[in-house]
Amino acid sequence: MGKRLTKSRFSMGLSCHQKLIFEAAGEVYVDQRKTSAILEGLAEGGFQLGALARTLFRQADGLSAFEIDAEGQEEQIAQTVEALKKESVTLFEPTIVFDDYLVRVDVLRKRGTQIELIEVKSKSFNSKSDKPDKNPLYWTKDGDIHSAFLDSVRDLAFQYWVLRQAYPAWNIQCYLMMPDTSVPAREDALHKRLSVVFDAESSGSDLYAKVDAVEELSEERLDDCFLTRIPMDQQVKHVLNDRLAAPAISGDFASVTEKLAAMNTAELSMRPAPVGAHCKSCEFYTPSPSEQAKSGFHECWSDRLDGARAFQREDMIFGLYNPAARGSGSTAGLLEAGYHWLADIDPDVLGLPAQPNGKLTTKDRQRMQLTGEWPGGGDYYFDRSGFAEALDKCDWPLYFLDFEAARSALPFRSGMRPNSIQIFQYSLHVMEHDGQVRHADEFLDLSVDGDVNIRMLRRLREALGSTGTILRWTDYENTVLSSVREHLLTTDSPPEDRNQLVTFIESIIRSGEREMVDQAKWAQHFYFHPHSRGSNSIKLVLPAVMMSSEYLRSHYARPIYGTEQTAIFNPVVQIAAPKQLIY
């Protein structure tokens, strides 16, 4: 039997059917997904939630619940066919085929011809919310499934469609099984019970992650657990009756699926390729393609670009800073107008202003990116007076705050809700009015005992004191603190000082009396360097700043961190008034 269209390949084909050819070629084409698949699974808790689901069904169904564990695909199919002869059975990873289609179902529960088809996802939902982006049971104003859950429902619909073809007599009920953020865990130390083990595949040296189900849980039970089933029959029906659209193909669900199955077995990719705005996120890309590491992206575009291969994706219109979502200034609009290269875009056609008028806007930054020109000339643009005015609004000292936080779909302890934020690290630097800089405080707590957020907040409140402006980069610190505030207000077991901690958070988040100031906004409004490509991401701005300053390069080239030489940046550069400083 040739290649079959699986759930993952169905989803890939909907994004672009050319990817089916590149993926089937194996290691010949660079696939950026392969470098991150395990890490993403670990970060999202998908492996552990799958093991938890198997544990819950084993507790409920006893010996009738077991895994299809044959090694080869044909052996898995045969084992599944034999297992489905049972009147009552619960199967994990059963492999079901019909013609050119194959699905491995997370959980299939069979009671005669009554079937439960269950897809386990690490993405969380809130059963108490009536917002369609938080709860898949609710529809958008247009009567559709919200984009937050659409891919998951399509996965489920594809499995349902294959099962219906293979077993038309079955009465199939469809479920997503997802962690409910409104339900706290009852079980302690689930992360220890459901630990991740790395192993090497028998066919090679690549590592893969595996989590085994456990025999018994003392507190969690099927349908009485934060990992819960959500009936999706109506949503699956909606997808099956709706039109599907993919690059160069569209139609009803069955016809598009059949076209993808045909393309899945094709030996050659389509020419000319169905290129478009979707290419911006193509994972079959490398900036330096070779015969040993081919770039599907470059191959698709070679016909349109007269065979050009020596370029990066950012050299094309995909590199335009913050394009419009629609219209002539969008990626799709630029392609429709015949633009391919970033350097060919006429800024006047986009209606970009000739000169900045105050703070830099998105259109100002786009013009600078396209023309390489800005007021005052030089290697970069810096609005000293605008920055000085912003700095003058700050109270001294300046606190530079940076968080590291994580979400775990699998709660570490009882009482913890799935995907709740855990701020496990922060660093705090202080700049005094005279230019002195010191490392003021740091926090690192990787333990899972008790609430790390409470310990962090108490420490941070003390470290920040009551005066001075707190600086952050982007909205991240504001977002995670707001999430911690919500948890404190809704938890069933609050700390004694909850009110004081909530008050502290409210004082420094948006609209607070000591609201944190976003340095990324300063960079966006007052600074432009061509090497940042218009972006105000610190990953691009910091190298650009270092490139522009011989003093900083010399200063940080020495092993001085943690010594007295770190403390004072001298000389400092005066911005406007004598006491308004930037280093």
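Look up a bit, the structure's there.
I will try to describe carefully the structure that is included in this document. (Residues numbered from 1 in each chain as written. Predicted model: local features only at pLDDT ≥ 70, side-chain atom pairs only at ≥ 80, totals over all residues. Heavy atoms only, no water.)

The sheet built from five strands is open, its strands ordered β16-β15-β14-β17-β18 with mixed pairing. On the outer flanks of this sheet lie β16 (437-444) and β18 (517-518), each paired with one strand and no other. Examined bridge by bridge, strand β14 (residues 398-407) and strand β15 (residues 421-431) share ten bridges and lie antiparallel to one another. In the strand pairing of β15, alanine 405 is matched with isoleucine 423. (Pairing = 2+ DSSP bridges. Helix = DSSP H or I, 4+ residues; strand = E, 2+ residues; numbered from the N terminus.)

Moving on: empty space enclosed by the protein. Within the structure shown, the criterion is met by one cavity of 30 Å³ or more. Approximately 80 Å³ is the volume found for the largest cavity. Every residue lining the largest cavity is listed: Cys16, Gln18, Lys19, Phe22, His278, Cys279, Cys282, Gly296, Phe297 and Cys300. Secondary structure elements with two or more residues in the lining of the largest cavity: α2 (18-24) and α10 (296-302). Looking at the lining of the largest cavity residue by residue, the class counts come to six nonpolar, three polar and one charged. (1 Å grid on protein atoms, 1.4 Å probe; cavity = no way out; pocket = protein on both sides within 12 Å on 5 of 7 lines; lining within 4 Å. Points joined across faces, edges and corners; volume = space filled by probe spheres on them. Nonpolar A, V, L, I, M, F, W, Y, C, P; charged D, E, K, R; others polar.)

Throughout the structure, instances matching the rule amount to 28 salt bridges. A salt bridge links aspartate 61 to arginine 109; the nearest nitrogen and oxygen atoms lie 2.6 Å apart. Separated by 48 residues along the polypeptide, aspartate 61 in helix α4 (residues 46-61) and arginine 109 in strand β5 (residues 107-111) bring together distant segments of the chain. The class for aspartate 61 is buried, based on a relative accessible area of 14%. Taking the shortest distance from any N to any O, the salt bridge between glutamate 93 and arginine 104 comes out at 3.8 Å. In this pair, glutamate 93 sits in the loop between β2 (88-92) and β3 (95-98) while arginine 104 sits in strand β4 (residues 101-104), placing the two residues eleven residues apart along the sequence. According to the relative accessible area criterion, arginine 104 is partly exposed, its value standing at 28%. Residues joined in a network through salt bridges with shared partners are Asp61, Arg109, Arg111, Glu116, Asp223 and Arg229. (Salt bridge = Lys/Arg side-chain N within 4 Å of Asp/Glu carboxyl O. Buried < 20%, exposed > 50% of the residue type's maximum accessible area, 1.4 Å probe, protein only.)

Another aspect to go through is the pairing of β3. Judged from the four bridges that link them, β3 and β4 form a sheet pairing that is antiparallel. Its bridge partner lying in β4, valine 97 is registered against leucine 102. Between β3 and β4, which pair antiparallel and follow one another directly, the connecting turn spans two residues, one of which, aspartate 99, has a positive phi of 50 degrees.

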